[in-house]
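Chain residues, written in single-letter form:
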Amino acid sequence: MHIRPFQEFKKNRIGVTGLVMFLLLSTTAILAPAIAPHDPWDYSDRSFQPSSMNHLLGTNDIGYDIFSELLWALRTSVFFGVSVAAIACTIGLILGVSAALVGGLYDLVVMRIVDALLAIPSILVLILIAAYFRPSTMILVITLSLIIWQTIARGVRAQTLSLKTKLHIKAARNMGASTVYIMRKHILPELFPLYAMGFVTKARIAVFMEAGLSFLGIFDPTTKSLGIMMSYAMRYLYLDVWFNWLLPAVLSLSMLIVSLALISYAIEEIFDPRLKGGNNAATV
Amino acid sequence: MPLQFKNLNVKYRLSGAEDNTITALNNISLKINEGECVSIVGESGSGKTTLALASMKLLSQNAIMTGSVVINGVDTSELSSEEMRKIRWNEISIVFQNYGDVLNPVHKIINQVAEPLIKNGESRNTALDKSSKMLDYMKIKTGRSMLYPHQLSAGERQRVLMAMALITDPGMLVLDEPVASVDAITKLYLAEVIRKQVNLGKAVLLITHDLSFAALCSDYTVVLYSGNILESLPSEELLDAPRHPYTRALVRSFPVMERAKDLAGVRGAPPSQTSTPKGCIFQPRCTQSIDVCLERSPQAVSTNGGGVVVCHRGGIATMISVENISKSYKDIEVLKDVSLKLDEGEILALVGETGSGKTTLAYLIAGTIKPDGGKIIFREKGLDKIDRKEFAKMVGIVYQSPRDSISHRFSVFEAIAEPLVIHNAFDNESAGKIKNALREVQLPVDDYFMRKYPHELSGGELQRVAIARALILEPDLLIADEATSFLDPSVQAKILRLLLNLQNERGISMIFVTHDIGVARKVSDRVAVLHDGRIVENSPTHHIIENPQHEYTKRLIDAVKSSKISDL
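These numbers were taken from a predicted model, which means no experiment stands behind them.

## Considerations on the sheet that holds strand β10 (residues 228–234) of chain B
All names here are of chain B.
And step 1. With respect to topology, eight strands assemble into an open sheet ordered β6-β7-β8-β3-β9-β10-β12-β11, the strand pairing being mixed. Edge positions in the sheet fall to β6 (92–95) and β11 (300–302), since each of these pairs with one other strand and no more. Between one strand and the next, the sheet's axes are offset by a mean angle of 20°, whatever the strand orientation.
And step 2. Summarising the sheet, β11 and strand β12 (residues 308–310) pair through three bridges and their orientation is antiparallel. What sits directly across from alanine 300, in β12, is valine 310.
And step 3. Along the sheet, helix α1 (residues 48–55) contacts β3 (36–41), β6, β7 (172–176), β8 (203–207) and β9 (220–225); its crossing angle with β7, the most-contacted strand, is approximately 150°.
And step 4. Strands in contact with helix α6 (residues 184–199) are β3, β7 and β8; relative to β3, the strand with the most contacts, it is inclined by about 135°.

As C-alpha cells, then:
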C-alpha cells in the first residue's frame, strides 16, 4: 500500500480545517510580543474597564489589558504543547526504534520502564511536582515530556519490529547497508504516521494539562496562562466579566485543542484507510 | 608418428603493404597417432580449414607458412610439389568441405571416385569396380553412381567425397566439415565409417563445428580460437566437462538433443586477426579474466582430466566452494554437512521442496547468514575473512516477491539507485548507469517511468526493476531466490530469458533457487538436489533429468511429469 501523506492530507477537509485553525492560533501566539497592544504585566488603565478601542477586551481586576494577556497566554499554551510533544516524540522514537533494533537486555529494560510509566497517572505526578517544587515552565515541559513518551515508544517499537522482517529492509541489509542507512531510508519514513499521530496527541494532552494545572493555581503565577486567566475570571463572575474575560480564554483553549484533535483525526484516517468512508478498494 | 604439426604459423598476406597480414594459425603444435582421431573445433574463422589445407600443403599463394607439417617422418615443407603430389591421396587424403563445387561437374561420380586409382596406374576396369564398391559402401544407391554431381543431394555428394578420400586407402585422413550438410542418420553412418577407419589404424584429423559429432568420433578434441589452441581434451569430456571458458561457451551454443537449457552464443565477436593483442587472445570475450590476462599470453597447463588448457587461471576457475557446511535454526537442523562448488560463469540450480534448506544454502553463500560449521571459500579466500560490505557488492540477489523486496516509498529510479547509494557510488554518471540497467532489463528509460512507484507497476515489470537493482553494481554472483515463482508463465518465460541473456553477456555466476525442476532444466548447467538439508544429487542438468540416481530426484521428476493422480 502506497500513501502520499501530503496529497491525501490536502484532500482531507477535516484535516485542513484543523491545520488552518492551528496555524492561525500559533501564528498569533508567535507574534504576541509584536501585536499585543499593551504590556500584560503592567497595569494600563483602571480595573474592570469594558471593551473599548484601546482595550479590545477591557481590563482585569488590577488594570491589565485582557487582550494582551490572552495573546501571551496563548503563546504559553502553544509553546508548552509543541515543546512537550517534540521532546516526548523524540524520546519515544529513539528508545522505541533502538529497543526494536538492538533487542536483548536493552529492549527488556526499556520496555519495563515503559510499563512502569504506563501504570503511573501522569497528571498526578505533574500536580505533585508542580505543587512541591514550583518549577519554571521549562522544567515543567521537560518533566511532562519525561512521563508521557511511553505510548509513543511502545507503538514505534512494535512497528519497527514488524518492519525489521520486511523483505525490502532485508534486501537493503543484504546489499550491505548500515543500520543508520536502514533507519534513515527505510524505517523512519515508515514510522512517520506514528510520530505524526503521537506528536499531535501529546501536544493536545500538554496544552490541556498546562491549562488545567494553572487553573488549579499550582503553576508559576507570573506566567501568562489561559488557565490562570480562567481561574481569575471565575472569581469576578458576579461582575459580569464572563463575556470579555472568561469566554475569550475558554474559546481560545477550546479552539487550540479542537484544532489538534481535528488534525489527529485526519492523520489517523489517512494512514488507516479502513476508517475512510465510501470506496475502500480505491486505496490498494 | 603419421601426422604432426610443429610450431605451425600461417599468415595471409593481404593486398597492399608487405606487413599487411592476418594471422590464421599461431604456433600450432599437434600430433596425431595411428589409430587415433583428433577433432578440431571452433567458430568460423578460427583457422580450422587453414590447418586442413596446411596439412595437405594446399595453402593458397598468399599464405606465409613457418614451422612444419611432418607426414610419416617427412617434413613436407622440404618437398617439391611433384613429391608432395605422390604423398597426397596415397598417404594422406582430404575430404573437402562440401560447397557443391568441389566435384567436377562434367564427370560422372563413379569416374571421379576412380580417378586417383587410375592415376596410380590401376586399370580402368578394376578402378571402376573398386569405385563402385566404395560408393556402395558409402550407401550411394546402385544406379545413382552413374549420375553427375549436380544430380545428387548434398548428403550424397558428401559421401561421394568421402568415398574419393578412402578409395586409395591412405594412412591419414583429413576431414574438413564432413557432416555440415548431412542429416542425422547419414551423420551417424559417417561416424561409424570414420570410427572403423580409425580402428583400422588410420590417423584422422576431423575438422568440424559439430561438437556432438566430434565427441562421438574423435579421441581427442582440440579447441581452436582465432588461430590459437585454447584447449585440448579427451573427447568424452568435451560436452560435460570442458575446462576452458571458450569451450564451455561453445558447448552452451551447441544444440544437443538431451539438453533442455536454452542456447546462448559466445558473447562478443572474434578478434580482428590483423593485430595480436598483448594478453590472452580470448580475454575480451572471457567471463573470468583477471589483470594478468591483459598483460601476458597464457601458457598451456595440463589438467587432471588428461587434457591441456591454455589459460592463466588454469581453465574455468572455481568461484565458490562450500565445504561441509551445517546450519541450524534453534533446534531445527536445516543443513547437514553440505559441500558444493560453483564455477565462474556457471548457472547452478538448487532444487528441492519447500523447507529442504535451499534458500538457507543460497543465503549462506551470499554471506548474509553465518554457518554453524564448515567453511565457504570465495576465490581462494575464506568468506569470514572478506569484508561483509565488500562482499555484498559482489553478490546481487533477486527475491521471490518483487512487491515486498522493493520499498513502496522508492520510485523506480530510487530503487535501482539504492545499491549505489549504499556503497557511496552514486555520482554524476549514475543516472546514465541506471538508464543502461533499465535498457538491459527491457524497461522504458523515460523520466515518467523512472518516477513511477512500485504500486503503479505490474509484477513482471517490478521483477525487472529488482533484477536491474541486483545488477547495477555489476556483481560477480547473482542469486535468484525463486525469482519467477510468483509470476505467470508468460512473464516467467520472459524473465528467465532475460536472466539467461544477462548471465551470458556478463558471464556472472548464478545460483537459481527453485522448487520447480522444470525451470531448473531450462536454465541451469548443473542441478543440486536438496533433500532434508543434504545434497542428494549434484550433476550436469541433463544427466539429472535423463538419468536421476537418487530416489528423491526420481520422485521429484515424476511428480513434475505426472499427468494424472494415482487411484486413491
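Back to the write-up after that little detour.
## Quick word on the UniProt feature "domain: ABC transporter" (unreviewed entry) in chain B
And step 1. Mapped onto the present numbering, the UniProt feature "domain: ABC transporter" (unreviewed entry) falls on residues 3–251 and 320–557 of chain B.
And step 2. Helix makes up 41% of residues 320–557 of chain B and strand 26%. Its end C-alpha atoms lie 27 Å apart.

## Concerning the pairing of β8(B)
Residue and element names in this part refer to chain B.
And step 1. Most of β8 is tucked away: five of the five residues are buried.
And step 2. Side-chain alternation along β8 places Ala203, Leu205 and Ile207 on one buried face and Val204 and Leu206 on a second face that is also buried.
And step 3. Note that β7 and β8 share five bridges and pair parallel. Among the inter-strand pairings, leucine 173 is bridged to a residue of β8, identified as valine 204.

## Structural notes on the UniProt feature "domain: ABC transmembrane type-1" (unreviewed entry) in chain A
And step 1. UniProt feature "domain: ABC transmembrane type-1" (unreviewed entry): in the numbering of this structure it lies at residues 74–268 of chain A.
And step 2. Secondary structure across residues 74–268 of chain A comprises 86% helix and 0% strand; the distance between its end C-alpha atoms is 26 Å.

## Here's the deal with the sheet that holds strand β2 (residues 21–32) of chain B
Residue and element names in this part refer to chain B.
And step 1. In space, the four strands of this open sheet follow the order β2-β1-β4-β5, with antiparallel pairing throughout. For this open sheet the edge positions go to β2 and β5 (74–75), each flanked by a neighbour on one side alone.
And step 2. Here strand β1 (residues 3–13) runs beside strand β4 (residues 63–71); their pairing, made up of eight bridges, is antiparallel. Bridge pairing in β4 links asparagine 9 to threonine 66.
And step 3. Along the sheet face, α1 touches β1, β2 and β4 and points at about 115° away from the line of β1.

## Notes on the pattern of salt bridges
Residues and elements named next belong to chain B.
And step 1. Enumeration according to the criterion identifies 23 salt bridges over all chains in this entry.
And step 2. In this structure, arginine 379 engages glutamate 344 in a salt bridge whose closest nitrogen and oxygen atoms are separated by 2.8 Å. In this pair, arginine 379 is assigned in the loop between β16 (373–378) and β17 (381–382) and glutamate 344 in the loop between β14 (332–343) and β15 (347–351), connecting sequence segments 35 residues apart.
And step 3. Overall, arginine 379 belongs to the partly exposed group, its relative accessible area being 30%.
And step 4. By relative accessible area, glutamate 344 is classed as buried at 2%.
And step 5. The network of salt bridges with shared partners includes Arg313, Glu344, Arg379 and Asp476.

## Looking at the packing of aromatic side chains
And step 1. Under the counting rule described, the total for this entry stands at seven aromatic pairs over all chains.
And step 2. Look at Tyr225(B) and Phe282(B): their rings are 5.1 Å apart centre to centre, the planes differ by 85°, and that puts the pair in the edge-to-face class. With a gap of 57 residues between them, Tyr225(B) in strand β9 and Phe282(B) in the loop between α8 (245–253) and α9 (291–295) connect regions that are remote in the sequence.
And step 3. Judged by relative accessible area, which is 2%, Tyr225(B) ranks as buried.
And step 4. Relative accessible area serves as the criterion here: at 2%, Phe282(B) is assigned to the buried category.
And step 5. With centroids separated by 5.1 Å and ring planes inclined at 65°, the aromatic side chains of Tyr246(B) and Phe282(B) adopt a geometry described as edge-to-face. Of this pair, Tyr246(B) sits in helix α8 while Phe282(B) sits in the loop between α8 and α9, placing them 36 residues apart in sequence.
And step 6. Grouping aromatic residues by their ring pairs yields a cluster made of Tyr225(B), Tyr246(B) and Phe282(B).
And step 7. Sitting over the face of the ring of Tyr232(A), Arg235(A) holds its NZ or CZ atom 4.3 Å from the ring centroid.
And step 8. One residue, Lys139(B), lies across the ring of Tyr189(B), its end atom 4.3 Å from the ring centre.

## Details of the domain arrangement of chain B
Residue and element names in this part refer to chain B.
And step 1. The domain boundaries assigned to chain B delineate domain 1 (3–91 + 170–274) and domain 2 (318–563).
And step 2. Each of domain 1 and domain 2 was reduced to a C-alpha centroid, and the two centroids are 39 Å apart.
And step 3. Contacts between domain 1 and domain 2 engage eleven residues on the former and 20 residues on the latter.
And step 4. Roughly 1300 Å² of surface becomes buried between domain 1 and domain 2 when both sides are summed, with 42% attributable to carbon and sulfur atoms.
And step 5. In terms of surface lost to domain 2, no three residues of domain 1 exceed Lys261, Asp262 and Arg267, which account for 40% of the buried area on that side.
And step 6. At the boundary of domain 1 and domain 2, one finds one salt bridge.
And step 7. One salt bridge in this structure joins arginine 252 and aspartate 525, with 2.5 Å as the shortest N-O distance.
And step 8. Remark: the boundary between domain 1 and domain 2 carries five residue pairs in polar contact (both at pLDDT 80 or more).

## Concerning the interface of chain A and chain B
And step 1. Contact residues are listed per partner, giving 18 residues for chain A and 24 residues for chain B.
And step 2. Here chain A and chain B share an interface that buries about 1800 Å² over both sides, 58% of which is from carbon and sulfur atoms.
And step 3. Put simply, chain A and chain B have one salt bridge between them.
And step 4. We note a salt bridge from Glu190(A) to Arg409(B), for which the minimum N-O separation is 3.2 Å.
And step 5. Remark: the boundary between chain A and chain B carries eight residue pairs in polar contact (both at pLDDT 80 or more).
And step 6. Those elements that place two or more of their residues in the side of chain A that touches chain B are α9 (167–174) and α10 (179–216) of chain A.
And step 7. With seven residues, the single largest contributor to the side of chain A that touches chain B is α9(A).
And step 8. Of the residues assigned to the side of chain A that touches chain B, the class counts are eight nonpolar, five polar and five charged.

Definitions and cut-offs
Residues numbered from 1 in each chain as written. Chains lettered and ligands numbered in written order. Predicted model: local features only at pLDDT ≥ 70, side-chain atom pairs only at ≥ 80, totals over all residues. Heavy atoms only, no water. Pairing = 2+ DSSP bridges. Helix = DSSP H or I, 4+ residues; strand = E, 2+ residues; numbered from the N terminus. Axes fitted to C-alpha atoms, helices over the stretch in contact; angles between N-to-C directions. Contact = heavy atoms within 4.5 Å. UniProt positions renumbered as here; feature names shortened; annotations may be inferred. Buried < 20%, exposed > 50% of the residue type's maximum accessible area, 1.4 Å probe, protein only. Salt bridge = Lys/Arg side-chain N within 4 Å of Asp/Glu carboxyl O. Phe/Tyr/Trp six-rings, centres within 6.5 Å; stacked < 30°, edge-to-face > 60°. Lys NZ or Arg CZ within 6 Å of the ring centre and 35° of its normal. Domains from an automatic or database assignment. Buried area = accessible area lost by both parts, 1.4 Å probe. Polar contact = N/O pair within 3.5 Å; in protein donor to acceptor, adjacent residues only side chain to side chain. Nonpolar A, V, L, I, M, F, W, Y, C, P; charged D, E, K, R; others polar.

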